[in-house]
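Spelled out, the chains give:
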Amino acid sequence: LSAGRRVIVLGGGLAGITAALDCAAAGARVTLLEVRRRLGGAAYSVRRDGLEMDNGQHVFLRGCLAYRGLLARLGSERLVSVQPRLEIPVLRPGSEPFLLRRSNLPAPLHLAGALARYPHLSAAQRLGAMRAGAALMRIRESEQELDRLTLGEWLARHGQGPEAVAALWDMIALPTLNIPAAQASLALGVFVFRTGLLGSAEAGDIGFHVGTLADILGRPAEDALRRAGVEVRLGWRAEGIARTGSGLEVRGRGGREESEAAEPEELAAGEEGPAGQAAGEADGLSAEAVIVALPHTRGATLIEPLLGDLAPRLRALGASPIVNLHVVYDRTVLEQPFAAGVETPVQYLFDRSDAAGAPVGCQYLAVSLSGADREMRMSVQELRERYLPALSQLLPRARGANVESFLVTREHAATFRATPGVCALRPGPETAVPGLALAGTWTATGWPATLESAVLSGHAAARVALRGMDLAPPSIGRLAASGAPGVSA
């Protein structure tokens, strides 16, 4: 195959899907290579014990316009819902549920009433939290300056003790940064609270995936890419990238097209297993541009021969894990569609019974544990012994219920580790090698490692690749509004 106006995208997650659709819409010939036998990257579903379970609960916000635009291109909007206004049911053992709900007042007053009534802080702590929030909105330092401190250090300087951080600030920091405030970069913490909570009344309304991730992302992405003319090769492992006289060459092996690909083997006995191994003869594919949209540790290995100075930076980003518990009860134990926990090891829990196809009368709860370094080291039995009693303390109805199933999924390197100094390590989409671009939540999108960051990075990498081929990027807003994936703008 000739390299002329051909783009190879490495990685079939949201960043790679977005980049491939953009490049195809601009007129490039695109090949997407993915080592697994499915698309979706870190957002996928598996079938176990008769249920189709998502590996994790990937919520988004009303203000995640790039991600919502991708859903429009995939035709998946009907399978997600966004709250009319921010509402977080907060549960504490031995207490009545409290609904943390925004008002119709403009930001930041939209949260003042809920915070004034918040029962898990004292009156003095609530007033202190309001003052800290106001101070956070006034911060004017540059990102580099903010990235030297932890969010926890800054909160402590503004009167927020461990109790206030645990009962309030970590309820937002943990699921968005995948690390507690005590360890998190202040720069990213400021971004999260300003962008998602304090800067706009509506931006922080939570969006949920009503269907499974496979139905919303994986399968629609295959269809959209096919309609756009993108060649998708699943089960294809990239093993190297080299310069050629006309561009770049990707070496690897595997390469059955999606229609021939087998289902992935993701879980066994409640644990996540390795990705499907690529098979077949070694191959080399030439292109004018290559977009590396892989996890940062894998990307570092591939680009090191070409960009030796960048690879150590990517490895220095580190990794933070997420563990999800999948618990099926023989009756309804949680009345709310989701809830946050305080003074309990249970961080967030979601009722996924309908999406997963739980048996009539049973309730399937997904328990999401961010920054789960400790839980990563625990066996399934140890997790069961720790979390089933915690759920019973939090949910009175669970005390008399039978547990029909208890499974665990683990993402060892779910996100980069959002500690101080990480902002300086995140690269932009453009590299020193002509035609080589980077995409992924770990690139410098400004956002932490979220669905929105992945899609933004895909758009940015596509612009770099297309610019090098003198092709104009598509009008993403118009494509999203029309719901026409991959159609030339």
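Heads up: these notes are all about the structure in this document. All values reported here derive from a predicted model rather than from experimental measurement.

Here is what the cut-offs are and how they apply
- Residues numbered from 1 in each chain as written.
- Predicted model: local features only at pLDDT ≥ 70, side-chain atom pairs only at ≥ 80, totals over all residues.
- Heavy atoms only, no water.
- Helix = DSSP H or I, 4+ residues; strand = E, 2+ residues; numbered from the N terminus.
- Buried < 20%, exposed > 50% of the residue type's maximum accessible area, 1.4 Å probe, protein only.
- Contact = heavy atoms within 4.5 Å.
- Areas by Shrake-Rupley, 256 points an atom, 1.4 Å probe, with all protein chains shown as cover.
- Expected span 1.5 Å × (residues − 1).
- Phe/Tyr/Trp six-rings, centres within 6.5 Å; stacked < 30°, edge-to-face > 60°.
- Lys NZ or Arg CZ within 6 Å of the ring centre and 35° of its normal.
- Core = buried A, V, L, I, M, F, W, Y, C linked by side-chain atoms within 4.5 Å.
- Axes fitted to C-alpha atoms, helices over the stretch in contact; angles between N-to-C directions.
- Parallel < 35°, antiparallel > 145°, perpendicular 65-115°, else oblique.
- Nonpolar A, V, L, I, M, F, W, Y, C, P; charged D, E, K, R; others polar.
- Lys, Arg positive; Asp, Glu negative; His and termini not counted.
- Salt bridge = Lys/Arg side-chain N within 4 Å of Asp/Glu carboxyl O.

### Some details on the overall build of the protein
Inference 1: The number of helices and strands found in the protein is 17 helices and 23 strands.
Inference 2: For the C-alpha atoms alone, the extent of the protein along its principal axes is close to 70 × 55 × 40 Å.
Inference 3: Scored against the burial criterion, the 489 residues of the protein give a buried share of 57%.
Inference 4: Sequence-distant contacts, at least 24 apart, represent 73% of the contacts inside the protein between residues at least 6 apart.
Inference 5: A total accessible area of about 19,500 Å² is found for the protein, and carbon and sulfur atoms account for 52% of it.

### Details of helix 4 (residues 123–138)
Inference 1: With 16 residues, helix 4 extends 23 Å from end C-alpha to end C-alpha; this agrees with the ideal 22 Å at 1.5 Å per step.
Inference 2: Elements that come into contact with the buried residues of helix 4 comprise helix 3 (112–117), helix 6 (151–157), helix 7 (162–177) and helix 8 (186–198).

### What about the packing of aromatic side chains?
Inference 1: Taken as a whole, this structure holds seven aromatic pairs when the rule is applied.
Inference 2: Measuring from ring centre to ring centre gives 5.0 Å for phenylalanine 208 and phenylalanine 338, while their planes differ by 55°; the resulting arrangement is tilted. Of the two residues, phenylalanine 208 sits in strand 9 (residues 206–209) while phenylalanine 338 sits in strand 19 (residues 338–341), which places them 130 residues apart along the sequence. For the residue pair phenylalanine 208 and phenylalanine 338, the accessibility class agrees, reading buried in each case.
Inference 3: Consider the rings of phenylalanine 338 and phenylalanine 350, whose centres lie 5.9 Å apart with planes at 20°: the pair is stacked. One end of the pair, phenylalanine 338, is in strand 19; the other, phenylalanine 350, is in strand 20 (residues 348–351), and twelve residues separate them in sequence.
Inference 4: These aromatic residues form a ring-pair network of at least three members: Phe208, Phe338, Tyr348 and Phe350.
Inference 5: Lying across the ring of tyrosine 44, arginine 36 places its NZ or CZ 5.8 Å from the centre.

### Side note on helix 2 (residues 65–74)
Inference 1: Of all ten residues in helix 2, eight are buried; the element is thus mostly enclosed.
Inference 2: Restricting attention to buried positions, one finds in helix 2 the residues Ala66, Tyr67, Gly69, Leu70, Leu71, Ala72, Arg73 and Leu74.
Inference 3: Looking one or two residues beyond helix 2, the residue adopting positive phi is glycine 75, at roughly 75°.

### Some details on the nonpolar core
Inference 1: Core analysis: the largest hydrophobic core is formed by 78 residues, its most contacted members being Leu10, Ile88, Tyr118, Ile241 and Leu436.
Inference 2: In terms of residues, this core owes the most to one element, helix 7, which gives nine residues.
Inference 3: The contacts of leucine 10, once residues within four sequence positions are left out, are Leu33, Ala238, Ile241, Val250, Val290, Ile291, Val292, Ala293, Leu294 and Leu302.
Inference 4: Residues Ala20, Leu71, Leu74 and Val232 belong to the second largest nonpolar core, which totals 51 residues.

### Comments concerning the environment of arginine 68
Inference 1: By secondary structure assignment, the location of arginine 68 is in helix 2.
Inference 2: Linking arginine 68 and serine 142, residues 74 residues apart in sequence, is a C-alpha distance of 29 Å.
Inference 3: If we skip the residues at most four places from it in the chain, arginine 68 touches Phe60, Leu61, Arg62 and Val82.

### Here we look at the packing of helix 2 against helix 16 (residues 451–468)
Inference 1: For the pair helix 2 and helix 16, interaxial distance at closest approach is 7 Å and the crossing angle is 75°. The pairing of helix 2 with helix 16 is recorded here as roughly perpendicular in orientation. In contact with Leu65, Ala66, Tyr67, Leu70 and Arg73 of helix 2, helix 16 contributes Leu451, Glu452, Val455, Leu456 and His459.
Inference 2: Partitioned by chemical class, the residues of the contact of helix 2 with helix 16 number seven nonpolar, one polar and two charged.

### Brief notes about the side chain of arginine 85
Inference 1: With respect to the helices and strands, the residue arginine 85 is situated in the loop between strand 6 (80–82) and strand 7 (87–91).
Inference 2: Here arginine 85 is buried and forms no salt bridge, its nearest opposite-charge partner glutamate 87 lying at an N-O distance of 5.8 Å.

### Re the pattern of salt bridges
Inference 1: Going through the model one piece at a time under the given rule, you end up with 17 salt bridges.
Inference 2: We note a salt bridge from arginine 233 to glutamate 231, for which the minimum N-O separation is 2.8 Å.
Inference 3: On the basis of relative accessible area, arginine 233 is assigned to the buried category, the value being 13%.
Inference 4: When salt bridges with common partners are traced through the structure, they connect Glu52, Asp215 and Arg219 into a single cluster.

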